[in-house]
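Secondary and tertiary structure notes
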Amino acid sequence: MASVKIWSILVLSFLLPHSYAHMDFFTSIGHMTDLINTEKDLVTSLKDYIKAEESKLEQIKKWAEKLDQLTDTATKDPEGFLGHPVNAFKLMKRLNTEWGELENLVLKDMSDGFISNMTIQRQYFPNDEDQAGAAKALLRLQDTYNLDTDTLSRGNLPGVKHKSFLTAEDCFELGKIAYTEADYYHTELWMEQALKQLDDGEMSTVDTVSILDYLSYAVYQQGDLDKAMMLTKRLLELDPEHQRANGNLKYFEYIMSKEKEANKSTTKTDSQTDKETKTKKKEPSKDYLPERQKYEMLCRGEGLKMTPRRQKKLFCRYYDGNQNPKYILGPVKQEDEWDKPRIVRFLEIISDEEIETVKELAKPRLRRATISNPITGVLETAHYRISKSAWLSGYESPVVSRINLRIQDLTGLDVSTAEELQVANYGVGGQYEPHFDFARKDEPDAFKELGTGNRIATWLFYMSDVSAGGATVFPEVGASVWPKKGTAVFWYNLFPSGEGDYSTRHAACPVLVGNKWVSNKWIHERGQEFRRPCTLSELE
């Protein structure tokens, strides 16, 4: 029991830093790894609690066995048993003292240590927003990569190391989250998957009636009245007294009768109407992103292919930074990724040691990535940018300073007016939808506070390989650039005239499987006057 008392006052040694509490865990895989350690510690704490309870029950069991044998003997000859003065004394002692001690043992709460640890750790747990964010990420991955619910539920994804599957209850929760967003398309998909798994015999805490309740309404909201009625009738077979289902059925029947009356007054036959209804394809609701289809095709690697004639103009080379003394004897590997806009990739340009240093410096500072509101100029989070980022200055680490100088030497641009090195780690389904790096003419004050002009160029390091997804795509031109650890890509956002190159609109595709780390340097106009002279033509 002494060991139990000692254990009960222990506090777990692996606590997350206070700054991590409710910090949008779902937006960074790097931060989510800390939750794995937290859960492991809680499991250890739980096992200790189980051992304490087992030890307590073992003591009670031994006491019961001893008294069972004693009372069996005593009840056969009570007078003879108590005729022995020692037995009489021990009976008085047991009932007056020992049974009270046993009562205290039974009432002793062995959960104090576990509960105290839970209380400490709970403040660092993900919240409802994290759970909803992770659920929406799965729905986003489903749409972007054309995955059916069964594939996702079984965990059959490319490049996975640790296969996992979704239970019927998991599918039901996904459907409910979609339902709260009035996303009836995904509600239907995931409720049907939950229903399928129950019909296949899976044991679950969720019941068929609850699934059918959501499913029938989601189907109705998408205009499939026949199917909604069929599902509602199935629900009522299981629960005839279900108040909402009974009301819905009467309403559906009323709507259907009205539709039949309306159909009689039209030139179309019922069969034609039914045929059109059945062939109507259900799909996600239209959204704010005009190039959604092209963007998602590029993410899947289905984009426009460059013609052989254009491909012949792409080369790989040893590059010396326009005869930079540092690289004349040791040039770097460079290859063309795209011609217009010109996107080049530098290979083996950042070492594994440098990557780890940058990640270690950035991780404690990672915060939900923000975007600049084009109207107010205020930095704010956005659902279309799912990542966390941190900013590193050259003066705080020789590694960061060396990386900045390397960018300057290889681009020929002055980085003293550039923004600090931004390090980003993407979360579950992490992405950054199509955007421009430079400020457009309707955003004249975007970088006013910096006083360094517009973003003339972008340098992007890939600091991890990604098992599936996570490409950088350019929807305007059909280019897809895939992450490769240790490489970097570079492009100009502005023409030499200073006008924006709208073909550089780009996006970070959702990470399907893996952990994506990148860092980028946004280089500004000031200081480049003689390094990249202005031209008279707008588009040159």
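As the structure is a computational prediction, the values presented were derived from the model and not from experiment. (Residues numbered from 1 in each chain as written. Predicted model: local features only at pLDDT ≥ 70, side-chain atom pairs only at ≥ 80, totals over all residues. Heavy atoms only, no water.)

**So, the overall build of the protein**
Looking only at helices and strands, the protein features 18 helices and 17 strands. In the protein, buried positions account for 45% of the 540 residues. Across the protein, every contact between residues at least 6 apart in sequence was considered, and the portion connecting residues at least 24 apart equals 73%. With the model as given, the accessible surface of the protein reaches about 30100 Å², and the carbon-plus-sulfur share is 55%. (Helix = DSSP H or I, 4+ residues; strand = E, 2+ residues; numbered from the N terminus. Buried < 20%, exposed > 50% of the residue type's maximum accessible area, 1.4 Å probe, protein only. Contact = heavy atoms within 4.5 Å. Areas by Shrake-Rupley, 256 points an atom, 1.4 Å probe, with all protein chains shown as cover.)

**Some remarks on the side chain of Glu 433**
Positionally, Glu 433 belongs in strand β9 (residues 432–435). Judged by relative accessible area, Glu 433 falls into the buried class, the value being 4%. Within the structure, the side chain of Glu 433 is placed 3.3 Å from the side chain of Arg 292, a separation counted as a polar contact. Polar side-chain contacts of Glu 433 include one of 3.3 Å to the side chain of Gln 431. (Polar contact = N/O pair within 3.5 Å; in protein donor to acceptor, adjacent residues only side chain to side chain.)

**Details of the pairing of strand β14 (residues 487–492)**
β14 sits mainly inside the fold: 5 of its 6 residues count as buried. Here strand β3 (residues 343–347) pairs with β14 via 3 bridges, running antiparallel. The residue of β14 that forms the bridge with Val 344 is Phe 490. Examined bridge by bridge, strand β10 (residues 455–462) and β14 share 6 bridges and lie antiparallel to one another. The partner of Leu 460 across the bridge, within β14, is Val 489. (Pairing = 2+ DSSP bridges.)

**Details of the state of the cysteines**
Per the counting criterion, the structure on display carries 1 disulfide. Between the sulfur of Cys 299 and that of Cys 509 lies a disulfide, 2.0 Å long from S to S. Across the disulfide from Cys 299 to Cys 509, rotation about the S-S bond amounts to roughly -85 degrees, and the bridge is consequently left-handed. Taken together, the residues span a long stretch of sequence, with Cys 299 in helix α14 (residues 292–299) and Cys 509 in the loop between β15 (506–508) and β16 (511–513) at a distance of 210 residues. Assigned by exposure class, Cys 299 and Cys 509 land together as buried. (Disulfide = S-S within 2.5 Å.)

**Considering the sheet that holds strand β12 (residues 472–474)**
Sheet architecture is open: 4 strands sit in the order β9-β15-β12-β13, paired in antiparallel fashion. Edge positions in the sheet fall to β9 and β13 (479–481), since each has one partner strand and no second. Taken over all neighbouring pairs, the strand axes of this sheet differ in orientation by 15 degrees on average, direction set aside. On the sheet, α14 packs against β9, β12, β13 and β15 and is oriented at approximately 140 degrees with respect to β12. (Axes fitted to C-alpha atoms, helices over the stretch in contact; angles between N-to-C directions.)

**Section: the layout of surface pockets**
Gaps left between atoms are located by rolling a probe of water-molecule size over the structure's atoms. A volume near 1800 Å³ is recorded for the largest pocket. Looking at the largest pocket, it is lined by 45 residues, and the ones nearest its centre are Ile 29, Met 32, Leu 138, Ser 164 and Val 428. Elements that contribute at least two residues to the lining of the largest pocket include exactly α2 (29–76), α6 (128–144), α8 (168–180) and β16. Sort the elements by how many residues they give to the lining of the largest pocket and α2 lands first, with 9 residues. For the lining of the largest pocket, the per-class residue count stands at 26 nonpolar, 12 polar and 7 charged. (1 Å grid on protein atoms, 1.4 Å probe; cavity = no way out; pocket = protein on both sides within 12 Å on 5 of 7 lines; lining within 4 Å. Points joined across faces, edges and corners; volume = space filled by probe spheres on them. Nonpolar A, V, L, I, M, F, W, Y, C, P; charged D, E, K, R; others polar.)

**Brief notes about empty space enclosed by the protein**
Across all of its chains, the model carries 1 cavity of 30 Å³ or more by this definition. In this structure, the largest cavity occupies an estimated 220 Å³ of space. Taken together, 19 residues line the largest cavity, and the ones lying closest to its centre are Tyr 426, Tyr 432, Leu 460, His 506 and Asn 520. Listed by contribution, the elements that provide at least two residues to the lining of the largest cavity are β8 (421–426), β9, β10, β15 and β17 (517–524). For the lining of the largest cavity, a count of residues per class yields 9 nonpolar, 7 polar and 3 charged.

**Here we look at the nonpolar core**
Taken as a class, soluble globular proteins show a tendency for nonpolar side chains to be buried jointly. Among the nonpolar cores identified, the biggest contains 46 residues, and Tyr 145, Trp 190, Ile 211, Val 473, Cys 509 and Leu 512 are the most heavily contacted of them. At the level of secondary structure, the elements contributing two or more residues to this core comprise α6, α8, α9 (184–199), α10 (208–221), α11 (225–238), α12 (243–264), α14 and β16. Excluding residues that lie within four positions of it along the chain, Tyr 145 makes contacts with Cys 299, Arg 300, Gly 469, Gly 470, Cys 509, Pro 510 and Leu 512. If you look at the next biggest cluster of nonpolar residues, it comprises 35 residues, including Val 358, Leu 421, Leu 494 and Ile 523. (Core = buried A, V, L, I, M, F, W, Y, C linked by side-chain atoms within 4.5 Å.)

**Some thoughts on the packing of aromatic side chains**
Following the criterion strictly, the structure yields 21 aromatic pairs and no others. Each ring, one from Tyr 217 and one from Tyr 220, has its centre 6.2 Å from the other, and the planes form 50 degrees; the classification is tilted. With a gap of 3 residues between them, Tyr 217 and Tyr 220 both fall in helix α10, about one helical turn apart. Classification of Tyr 217 by relative accessible area gives partly exposed; the value is 27%. A ring pair is formed by Phe 346 and Trp 459, whose centres lie 4.9 Å apart and whose planes are at 25 degrees; its orientation type is stacked. (Phe/Tyr/Trp six-rings, centres within 6.5 Å; stacked < 30°, edge-to-face > 60°.)

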